[in-house]
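Next come the chains, spelled out residue by residue.
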Amino acid sequence: EPEVTQTPSHQVTQMGQEVILRCVPISNHLYFYWYRQILGQKVEFLVSFYNNEISEKSEIFDDQFSVERPDGSNFTLKIRSTKLEDSAMYFCASLFSGGNTGELFFGEGSRLTVL
Amino acid sequence: AQTVTQSQPEMSVQEAETVTLSCTYDTSESDYYLFWYKQPPSRQMILVIRQEAYKQQNATENRFSVNFQKAAKSFSLKISDSQLGDAAMYFCAYRSWLNFGNEKLTFGTGTRLTIIP
């Protein structure tokens, strides 16, 4: 069964460093998302991406964050200068078709630890 | 803005018994979707069940069913005949009807379900 894959599964970085989290969505999906979950807190929406552009972003998704789909398969989340509060589990998700019956498919998550 | 509340951080149930996970939400919208997602340890979050707010009938998927009380803004998940494989974190989530093409979900904090053999 096709699935969303994420790498790395766990990354440890120093504060101020750049981090790139990678996702390979399901191949025929058109909509892509990043969510994050700080330990013990809610899963929060970060950004949605369709047709090579951001369709919506949350207030969490500030100028330190960016997303791109560089090669038609990968979907990346970049954090330019990590902060301690960026430590979280980051989930990528994809969706075949927009509309009111779509089911999101999630990856296993990438755990980011900022020291 | 919508909010989703799961008041039970942890639940446990004996294998083969029935357990109900609670979820309440707050919204001013009349049309929306509600979901239960399951996240087994170190695995992907997967959709368990979905309910459209305009449908009065409660959704069911095999051993999983919901009790959707629109007026009370309550959306509980019932798992019947619990199995060891049901052990996971369960998330309740809300999606506005208006988010056409944008599956922006609002999640609760989750309930960790333990199955006792």
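To be clear, the structure that these remarks concern was listed above.
Report follows, based on the coordinates. (Residues numbered from 1 in each chain as written. Chains lettered and ligands numbered in written order. Predicted model: local features only at pLDDT ≥ 70, side-chain atom pairs only at ≥ 80, totals over all residues. Heavy atoms only, no water.)

Before going further, it helps to spend a moment on the overall build of chain A. Counting secondary structure elements, chain A contains zero helices and eleven strands. Going from N to C terminus, chain A has its helices and strands arranged as β-β-β-β-β-β-β-β-β-β-β. Each principal axis of the C-alpha distribution contributes one length, and for chain A these read about 40 × 30 × 30 Å. Residue burial in chain A is summarised as follows: out of 115 residues, 47% are buried. Across chain A, contacts joining residues at least 24 apart in sequence account for 53% of those joining residues at least 6 apart. (Helix = DSSP H or I, 4+ residues; strand = E, 2+ residues; numbered from the N terminus. Buried < 20%, exposed > 50% of the residue type's maximum accessible area, 1.4 Å probe, protein only. Contact = heavy atoms within 4.5 Å.)

With 24 residues of chain A at the interface, the matching set in chain B holds 22 residues. Interface area, chain A with chain B, both sides summed: about 2200 Å², of which 49% is carbon and sulfur. Across the chain A-chain B interface, the total number found is one salt bridge. The tally of links between chain A and chain B comes to four residue pairs in polar contact (both at pLDDT 80 or more). Secondary-structure elements contributing two or more residues to the side of chain A that touches chain B are strand 4 (31–37), strand 5 (43–50) and strand 9 (88–95) of chain A. The element contributing the most residues to the side of chain A that touches chain B is strand 4 of chain A, with four residues. Its residues placed into classes, the side of chain A that touches chain B shows ten nonpolar, nine polar and five charged. (Buried area = accessible area lost by both parts, 1.4 Å probe. Salt bridge = Lys/Arg side-chain N within 4 Å of Asp/Glu carboxyl O. Polar contact = N/O pair within 3.5 Å; in protein donor to acceptor, adjacent residues only side chain to side chain. Nonpolar A, V, L, I, M, F, W, Y, C, P; charged D, E, K, R; others polar.)

Here the focus is the pairing of strand 4 of chain A. Residues and elements named next belong to chain A. Most of strand 4 sits out of view: seven of its seven residues are buried. What you see with strand 4 is no split at all: Tyr31, Tyr33, Tyr35 and Gln37 on one side and Phe32, Trp34 and Arg36 on the other are buried throughout. Sheet topology places strand 4 next to strand 5; seven bridges connect them, and they run antiparallel. In the sheet register, Tyr31 faces strand 5, and the bridge partner there is Tyr50. Linkage of strand 4 to strand 5, two consecutive antiparallel strands, is achieved through a turn of five residues, within which Gly40 is found at a positive phi near 85°. The pairing of strand 4 with strand 9 spans seven bridges and is antiparallel. Its bridge partner being in strand 9, Tyr31 is matched across the sheet by Leu95. (Pairing = 2+ DSSP bridges.)

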